[in-house]
Amino acid sequence: MFKKVVLGLTLVLLVTGLVGLAQDAPKYGGTLKVAIFDESPMLDMSMTTADLCTLIGHHVFEGLFEDDGNLEPKPHLVDTYEMSNDGLLATLHLRHGVLFHNGKEMTSEDVLASLNRFIDYTPRGPLLAPFLDHIAAPDAYTIELYLSQPCGALTAILAFTNGGAIIVPKEIAEAAGDEPIAPENCIGTGPYEFDEWLPGRHLRLVRFDDYVSRSGEAFGYWGARTAYLDVIEFIPVPEVGTRVAGLEAGTYDYATEISADLFDQLDSNSGLQTLVVNPASYPYYIFNTKEGIMANVKMRQAILAALDMEPIMRAAFGPEALWDISGSIYPPSTIWYSDAGTELYNQANPERARQLAAEAGYNGEPIRFMTTTSYKFMYDMALVGVQQLEDAGFNIDLQVYDWATVVSRRVQPALWDIFTTNDATVGDPSIVCWLSDAYPGWWTEPEKYRLVEEITATVDFETRFEIWEEFQEFFWDQVYLIRLGDYYDYYAATADLKGVGTDSHPVMKYCYFWNVWLDK
Amino acid sequence: MGTYIVRRVLGLIPAMLLVSVVAFMFMHFIPGNPAAVRLGPSATTEQIERLTEKMGLNEPVYIQFERWFWQVLQGDFGESLFFQQSVLSVIGSRAETSILLATLGMMVVVLVGLPLGVISAVRRNTWIDQVSLTVSFLGAGIPDFWLGLLLMLVFAVTLGWFPTSGFPSVFAEGGIANLRYLVLPALTLGIPNAALLTRLTRSSMLEILSLDYISTAKAKGLPQRTVILKHALRNCAIPVITTIAFTLVILMAQAVVTESVFALPGIGRLVISSVLRRDYPVLQGVLLLTAFLYLFVNLLADVAYGLLDPRIRY
């Protein structure tokens, strides 16, 4: 009898254990419906830095390197690589047997043609071009990058997903040239391939059955990828209320671009999960340092002195789970985090602001402050900041436009003094977009060039970090822009979506749907 | 009648010409650059300039207009700057949704608005009239944005009777059953306009019902039904037809909001997103087609007057 009971119990335990396991085990199949806020301008993610294009495109295309969950670049289509001692030659050994969606094996000639197109024609090409002398393909699985000067950010640039250096077949790269690759020719090596694009309805990707994954572990965008979902549909749904209602009703499984004020409502819904992006992105006010009143550094320091960040961040981002007060250019979860120079951040000192403004010779001239209602948080963060500045005696001329108008006005230095924008945290300081001369704001301080060139040309991390700390002190002293804090964007998904938000699959800026599955 | 129609059709030409000039100029006076939109926020100034030139947008506006105008005369509306497809195919792919939505919306307007108006007039100052007036005031006053979200929350999220949003083509999987995606949008679009039609029909009917010939008809002992439907309703047809014709055009214009709320792939939403993307060729194409439609519906209404009222001769 006793034996039977033990046997029975063991069986019950075994079965429940197996059922438990089965529930947690990944499952193949299903269609994931992702509600996005607009149409992507194209599918060729190398030809635009529009976020929506990256979000969709990085399921189809892959890079030689990809960022892991800490934004550290790791070899992806590349198997191993080495750097010469003088830092002027990078030899990349490609993985064998990687297949394109057309069944062809990826070899060095495809990589060569793709990289050449990336450098010559794409918006991110100019990041790499100044360092590159030429590229060679000595055999089918080797790529040699000959550099004109050492480049500490080489792998970070190649791994940068947004406007990324994607690898496509040679014939497609050459035929496309400076035009975006047409959707039907969007052939990559990724776990999903292009199926159908009906503008206004959906853009559909289907599993690429012959996908050749990296073996071993996965972390963030990098590593082994398994496509559990049969189909992913990206559906443009312009109204946030509709994206959320669709998620609650089960019309969609995943929604992006949800305003912060809806976070608590979604977070408390047991049928849903909220997925908070880490590392944070950061909103900022940026100054016109080329022309007008803000070309005077004392004025910029005066504005910085006046600002109290907490009310600004609270108005823009709501629930405390979604924002932090932090003056480090890089957020805490990254290797570049530092508090150097941050004593100048968040002073909330209108008296000091008045004093600095007086020293700058400010006499109540209007300060043209551009913002947009296209992004609600930008409008909110402008309103609260402008109030604080007016209380500190500044005469602010708040100008509100749609985003496309801001983009066209901000390139004209005669038209503005300050505007609001935001940026995602990127893998390496040298690819931060506002460090480029061309970026509106036109920061051309010689010391900036010195520090940026030094950090880019240095390969050793410890040394690079020291230069970065020096840069950050300089950044807060010169106030080219005012970083307001850390903002954690978030997505919402049905609770049936499994495998997201885990250690190996952290929520990142561009949601990624490999290694996740639907448990319906 | 024949010469009248020919004359009216010829009259469309200068009107369309004017619309095309105004449409073109308006678009190009809004600041913003489609090249910057396409390349994304991190593109360099030189890259934006290069693409602007390639798109032919750095030439003087009148040269761009001339080129566009000759193309349109040859039936070529150009290529969308955003989708890199021909404008006609971009608009064509949205036409199904817009036509079906306007048709269903119109059905709501006519089937609800007209009978309610007639009943209100006939049962003037009774509780039915009061209720219908109150409802129509409410209906006309509700913002369509709010009404859309409300219907969605009740009938899609809470009750689950209809899908929340989107519209797969009836030619795709699902066939005619896909029309259920348009039920809530058609109500959103139809209810405020039905309310307007109710009030208009009621007041026209009241006016007619007080005329002598109606009293005569009643005195002859004609059944109430014949008096109302045959004698009265037909005579208030002119203002009602005008309203219905314009409502059809308004339904297309108002569809901008409804299509956005319900994420429908229609022409209204295409207009909004094309403005935000500064996709000039698509906007010009849509404006031209909408203007044409407006003038055409107007013409149809005028022709209908002649058919309904033998006293009107052209």
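Small disclaimer: the values here were computed from a predicted structure and weren't measured. (Residues numbered from 1 in each chain as written. Chains lettered and ligands numbered in written order. Predicted model: local features only at pLDDT ≥ 70, side-chain atom pairs only at ≥ 80, totals over all residues. Heavy atoms only, no water.)

Asker: Before we move on, can you summarise the overall build of chain A with the specific residues and values?
Answerer: Per the secondary structure count, chain A includes 15 helices and 24 strands. A compact globule built from 520 residues should have a C-alpha radius of gyration of about 24 Å, and chain A, at 25 Å, falls within 12% of that. Over its C-alpha atoms, taken along the principal directions, chain A stretches across nearly 90 × 60 × 50 Å. Here chain A holds 520 residues, and the buried ones make up 58% of them. The long-range fraction of contacts in chain A, counting pairs at least 24 apart against all pairs at least 6 apart in sequence, stands at 72%. Carbon together with sulfur atoms contributes 52% to the accessible area of chain A, which is approximately 19300 Å² in total. One way to put it: in chain A the 33 positive side-chain charges average out to a point 5 Å from where the 75 negative ones average out. (Helix = DSSP H or I, 4+ residues; strand = E, 2+ residues; numbered from the N terminus. Rg over C-alpha atoms; globule rule 2.2 N^0.38 Å. Buried < 20%, exposed > 50% of the residue type's maximum accessible area, 1.4 Å probe, protein only. Contact = heavy atoms within 4.5 Å. Areas by Shrake-Rupley, 256 points an atom, 1.4 Å probe, with all protein chains shown as cover. Lys, Arg positive; Asp, Glu negative; His and termini not counted. Charge placed at Lys NZ, Arg CZ, Asp CG, Glu CD.)

Asker: Break down helix H12 (residues 376-391) of chain A for me, with residues and values.
Answerer: Residue and element names in this part refer to chain A. In this model, H12 (16 residues) spans 23 Å end to end at C-alpha, consistent with the 22 Å of a helix rising 1.5 Å per residue. Turning to H12, its buried residues are Phe377, Met378, Asp380, Met381, Ala382, Gly385, Val386, Gln388 and Leu389. Glycine 393, located one to two residues past H12, shows a positive phi value of around 95 degrees. (Expected span 1.5 Å × (residues − 1).)

Asker: Outline empty space enclosed by the protein, supporting the account with residue identities and numerical values.
Answerer: All names here are of chain A. A complete count under the given rule lists 6 cavities of 30 Å³ or more for this structure. Considered as a void within the structure, the largest cavity measures approximately 70 Å³ in volume. Every residue lining the largest cavity is counted, 13 residues in all, and those nearest its centre are Met45, Gly63, Glu66, Phe160 and Thr161. Classifying every residue of the lining of the largest cavity by side-chain character gives 8 nonpolar, 3 polar and 2 charged. (1 Å grid on protein atoms, 1.4 Å probe; cavity = no way out; pocket = protein on both sides within 12 Å on 5 of 7 lines; lining within 4 Å. Points joined across faces, edges and corners; volume = space filled by probe spheres on them. Nonpolar A, V, L, I, M, F, W, Y, C, P; charged D, E, K, R; others polar.)

Asker: Tell me what's going on with the interface of chain B and chain A, and back it up with residues and numbers.
Answerer: With 43 residues of chain B in contact, the opposing surface of chain A contributes 42 residues. Buried area between chain B and chain A, both sides added, is near 3200 Å², and the carbon and sulfur share of it is 52%. We note a salt bridge from lysine 54 of chain B to aspartate 178 of chain A, for which the minimum N-O separation is 3.2 Å. Where chain B touches chain A, the interface holds 11 residue pairs in polar contact (both at pLDDT 80 or more). (Buried area = accessible area lost by both parts, 1.4 Å probe. Salt bridge = Lys/Arg side-chain N within 4 Å of Asp/Glu carboxyl O. Polar contact = N/O pair within 3.5 Å; in protein donor to acceptor, adjacent residues only side chain to side chain.)

Asker: Describe the pairing of strand E19 (residues 418-424) of chain A, naming the residues involved and giving the relevant values.
Answerer: Walk down a regular strand and you will see the side chains alternate between the two sheet faces. All names here are of chain A. Burial analysis of E19 places 6 of its 7 residues in the buried class, the great majority of the element. Strand direction decides the pairing type here: strand E15 (residues 281-287) and E19, joined by 7 bridges, are antiparallel. Within E19, the position partnered with proline 283 by the bridge is asparagine 422. Examined bridge by bridge, strand E17 (residues 366-372) and E19 share 2 bridges and lie parallel to one another. Its bridge partner lying in E19, methionine 370 is registered against phenylalanine 419. (Pairing = 2+ DSSP bridges.)

Asker: Describe the domain arrangement of chain A, listing the residues and the values that go with them.
Answerer: The accessible area lost on association of the parts is a frequent measure of interface size. All names here are of chain A. Segmenting chain A into domains produces domain 1 (31-234 + 491-518) and domain 2 (281-487). Among the residues of domain 1 in contact with domain 2, Leu71, Gly152 and Phe160 are the three that bury the most area, contributing 35% of the side total. Counting across the interface, domain 1 meets domain 2 through 0 salt bridges. At the junction of domain 1 and domain 2, the tally comes to 2 residue pairs in polar contact (both at pLDDT 80 or more). Grouping the constituent residues of the side of domain 1 that touches domain 2 by class yields 9 nonpolar, 2 polar and 2 charged. (Domains from an automatic or database assignment.)

Asker: An account of unusual backbone geometry is needed here, citing residue identities and associated values.
Answerer: A negative phi angle characterises most non-glycine residues, just as the trans form characterises most peptide bonds. Residue and element names in this part refer to chain A. Along the chain, asparagine 278 connects to proline 279 via a cis peptide bond; the corresponding omega equals 0 degrees. Mapping proline 279 onto the fold places it in the loop between strand E14 (272-276) and E15. In this structure, asparagine 515 is a non-glycine residue whose phi angle is positive, near 65 degrees. Of note, asparagine 515 is situated in the loop between strand E23 (497-498) and strand E24 (517-518). You can call asparagine 515 buried: its relative accessible area is 18%.

Asker: Which residues make up helix H10 (residues 224-235) of chain B, and what values do they have?
Answerer: Residues separated by three or four positions in an α-helix point in the same direction, a consequence of the helix having 3.6 residues per turn. All names here are of chain B. Taking 1.5 Å of rise per residue, the 12 residues of H10 would be expected to cover 16 Å, and the 16 Å separating its terminal C-alpha atoms lies within 8% of that figure. Restricting attention to buried positions, one finds in H10 the residues Val227, Ile228 and Ala232. The arc enclosing the buried residues of H10, seen along the axis, measures out at 85 degrees, which places them on a common side. Residues of H10 that are exposed and point over 90 degrees away from its buried face: Arg225 and Lys230. For H10, the secondary structure elements touched by its buried residues are helix H5 (87-122), helix H8 (183-209) and helix H9 (212-219). (Arc of directions from axis to C-beta.)

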